[in-house]
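# Survey of secondary and tertiary structure
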Amino acid sequence: MITSLPRPAGGPRKAVQSPGMTIVGVPAGWPATEDEARAVQDELRGRVVLDEPGPPPGAGLVTGVDVAYDDGLDLVAAAAVVLDAATLDVVAEATAVGRVSFPYVPGLLAFREIPTVRAALDRLPCPPGLVVCDGYGLAHPRRFGLASHLGVLTDLPTAGVAKNPFTFAYDDPEPARGGWAPLLAGTEEVGRALRTRDGVKPVFVSVGHRVSLDNAVAHTLALTPRYRLPQTTRRADALCRRALREAAQGLTGGGHQDPTARRAPSS
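Residues numbered from 1 in each chain as written. Predicted model: local features only at pLDDT ≥ 70, side-chain atom pairs only at ≥ 80, totals over all residues. Heavy atoms only, no water.

Attention shifts here to the side chain of Thr232. Tracing the chain through its elements places Thr232 in helix α5 (residues 231-252). Since its relative accessible area comes to 0%, Thr232 is described here as buried. Not counting residues up to four positions away in its chain, the partners in contact with Thr232 are Val62, Thr63, Gly64, Leu83, Val132 and Leu223. (Helix = DSSP H or I, 4+ residues; strand = E, 2+ residues; numbered from the N terminus. Buried < 20%, exposed > 50% of the residue type's maximum accessible area, 1.4 Å probe, protein only. Contact = heavy atoms within 4.5 Å.)

What follows is the structure in structure tokens.
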């Protein structure tokens, strides 16, 4: 049972109470500038573990995490949804609502999300297994996207499954489900464009931490029996949107409409 995941440097996060909810605050010592955030990326990037295969696809538990924003209310809602990897049934779920912890800067979006995502993971009643992020791991300009950052801080196996290729090049995969092509930064393979449905636009899989690219791809296929996006992402997306809507209504007395603002597809 998860009781406490490792915290970022700088001490525990502060939380403030609002009627009916606890708002996760910005952790003490959290980067406040782009230079500070990039320095943290530089420090943590060397801790990414790339030589472990990770959990076997289709067995154990797998968890999706996702976030939704209301920048007008300075809120971010995170959801963590645990699925049985064999059946894709929901085993557990948790949400957290926090303050936006960093300004919007492409390539540094993990700093906006991680404090609240970790609070949601903390609230799960079971170990998450592999964590699948709606975003990037090594497929990131600094090779340290959300999946890698979250993996290093929690030491959980993580992978990123993104909706677009960010700035990287790829050839169109074979049209049948399971077709893939390398996602390239020059000649470096940073991930794979993976076809999860026949003739449908691919998703973009990259390693986060403690999982191989082959296994990350296999997990993604196991999680997409019917739709383009993994069931982990679909479930977490719906849950975080609902949590954000309820939080916004709680803060505004129900007068705030349609608060969900999605992040840009780069992390």
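The element helix α4 (residues 213-222) is extensively covered by neighbouring structure, given that seven of its ten residues are classed as buried. Those residues of α4 that fall on the buried side of the exposure criterion are Leu213, Asn215, Ala216, Val217, His219, Thr220 and Leu221.

Let us now look at the confidence of the model for the protein. For the protein, per-residue confidence averages 89 on the pLDDT scale, and residues scoring 70 or more make up 87% of the total. Below a pLDDT of 50 lies the segment residues 1-20, which in the model reaches 48 contacts outside its immediate sequence neighbourhood of four places, other chains included. (pLDDT = per-residue confidence, 0-100.)

This part covers the packing of helix α2 (residues 110-122) against helix α3 (residues 146-154). α3 packs onto α2 with a crossing angle of 45° between their chain directions and a minimal axis gap of 10 Å. Here α2 is positioned oblique relative to α3, judged by the angle of their axes. Handedness of the α2/α3 crossing: right-handed. Contacts between α2 and α3 involve Ala110, Phe111, Glu113, Ile114, Val117, Arg118 and Leu121 from the former and Leu146, His149, Leu150, Leu153 and Thr154 from the latter. (Axes fitted to C-alpha atoms, helices over the stretch in contact; angles between N-to-C directions. Parallel < 35°, antiparallel > 145°, perpendicular 65-115°, else oblique. Left-handed = near helix turned anticlockwise from the far one by under 90°.)

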